[in-house]
Amino acid sequence: MAYYPRIICNTNPRHKHQLTLCEGLPPYKCNGCKEYGANIGYCCSSCQNFTLHEVCGAYPDIYVHTFYPDHEFRFRKKTRLSHKCDACGEDLRGFVYEAPTGNLLKPLRFHPLCIALPTSLNYGGHKEHPLRLIMDTGGIFSCSRCNENKSGWSYRCDDMACRLRVDLNCVKVDNHALSNHGIASMNHGSFKR
Ligand SMILES: [Zn+2]
Ligand SMILES: [Zn+2]
Ligand SMILES: [Zn+2]
Ligand SMILES: [Zn+2]
Ligand SMILES: [Zn+2]
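It should be emphasised that the depicted structure is a prediction, and the values quoted were computed from it without experimental measurement.

**Some thoughts on the nonpolar core**
(1) Moving on: In terms of nonpolar packing, the biggest core is built from 40 residues, with Ala87, Tyr97, Phe110, Cys114, Ile115, Val166 and Leu168 touching the most fellow members.
(2) Moving on: Ranked by residues supplied to this core, first place goes to helix H3 (residues 168–175) with four residues.
(3) Moving on: Two domains each provide a minimum of three residues to this core, namely domain 1 (19–115) and domain 2 (120–181).
(4) Moving on: Leave out the neighbours within four places in its chain, and tyrosine 97 touches Tyr63, Phe73, Arg74, Phe75, Phe110, Pro112 and Ile115.

**A look at unusual backbone geometry**
(1) Moving on: For asparagine 39, which is not glycine, the phi torsion reads 70° and is therefore positive.
(2) Moving on: The residue asparagine 39 is located in strand S2 (residues 36–44) in this model.
(3) Moving on: A positive phi is found at asparagine 49, a non-glycine position, where the angle reads about 55°.

**Quick notes on the domain arrangement of the protein**
For interface size, the figure often reported is the accessible area lost on association.
(1) Moving on: According to the domain assignment, the protein consists of domain 1 (19–115) and domain 2 (120–181).
(2) Moving on: For domain 1 versus domain 2, the separation of C-alpha centres amounts to 20 Å.
(3) Moving on: Every contact between the two is made by twelve residues of domain 1 and, on the other side, eleven residues of domain 2.
(4) Moving on: Going through the elements one at a time, S2 and helix H2 (112–115) are the ones with two or more residues in the side of domain 1 that touches domain 2.
(5) Moving on: Per element, the largest residue contribution to the side of domain 1 that touches domain 2 is four residues, and it comes from S2.

**Some details on the sheet that holds strand S3 (residues 51–52)**
(1) Moving on: As summarised here, the arrangement of the three strands in space is S1-S2-S3, forming an open sheet in which the pairing is antiparallel. Each of the sheet's edge strands pairs with one partner strand only, and the pair in question is strand S1 (19–29) and S3.
(2) Moving on: Of the strand pairs in this sheet, S1 and S2 are connected by seven bridges, and their pairing is antiparallel. Bridge pairing in S2 places lysine 29 opposite tyrosine 36.

**A closer look at the environment of glutamate 128**
(1) Moving on: Among the structural elements, glutamate 128 can be located in the loop between strand S10 (120–121) and strand S11 (131–134).
(2) Moving on: Spatially, the C-alpha atom of glutamate 128 lies 39 Å from that of lysine 77, the residues being 51 residues apart in sequence.

**Description of the pairing of strand S5 (residues 73–76)**
(1) Moving on: Side chains Phe73 and Phe75 of S5 all project onto a buried face; the interleaved residues Arg74 and Arg76 project onto a face where none is buried.
(2) Moving on: As defined by bridge partners, strand S4 (residues 62–63) adjoins S5 across two bridges and the pair is classed as antiparallel. Looking across to S5, one finds that tyrosine 63 is bridged to phenylalanine 73.
(3) Moving on: In this structure, S5 lies alongside strand S8 (residues 96–99), joined through three bridges in antiparallel fashion. What sits directly across from arginine 76, in S8, is valine 96.

Parameters and conventions
- Residues numbered from 1 in each chain as written.
- Chains lettered and ligands numbered in written order.
- Predicted model: local features only at pLDDT ≥ 70, side-chain atom pairs only at ≥ 80, totals over all residues.
- Core = buried A, V, L, I, M, F, W, Y, C linked by C-beta atoms within 7 Å.
- Buried ≥ 20, exposed ≤ 12 C-beta atoms within 10 Å, placed from the backbone.
- Helix = DSSP H or I, 4+ residues; strand = E, 2+ residues; numbered from the N terminus.
- Domains from an automatic or database assignment.
- Contact = placed C-beta atoms within 7 Å.
- Pairing = 2+ DSSP bridges.

Here it is in structure tokens:
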């Protein structure tokens, strides 16, 4: 069974106005985490073009992730300095989940979309078997989807005959059906509205 992060509480309002969950949205850049989204999201009727991912608009202030059962990840609107996501390795530009570690200078930080990924996934590009979320194994791997060399967390097919491994960017693009709109990266490039 897929694991989803455990909800503890949600008290931090993510926006100053009331948000409505909308469907059928064109591609947007999330005003919270600054990654792309499409189709579904929280919209503000008072601000023009203010949209948040479902995860960014409504997910809890505190997460416990199955990979770090002893850590409480806390929602923050922004980090003071620029940092990279410890799951996908890409820049953190807005909303972030952060947990202190033993090393005060190196807390763990994740994109909301990364920390909310399930441990098991039915991936559109591989219908034969479910893929399993695995932590950074320290090595470089070639993503079966984009063929680029990647590191960090990934999804892998445990069937030995498949050897399929997909990086988080490609999985998130697929989850949000962004390739239908010509978007191949969650936070690079641009698109026409
Ligand atoms: Zn977002
Ligand atoms: Zn607003
Ligand atoms: Zn990330
Ligand atoms: Zn497989
Ligand atoms: Zn890829």
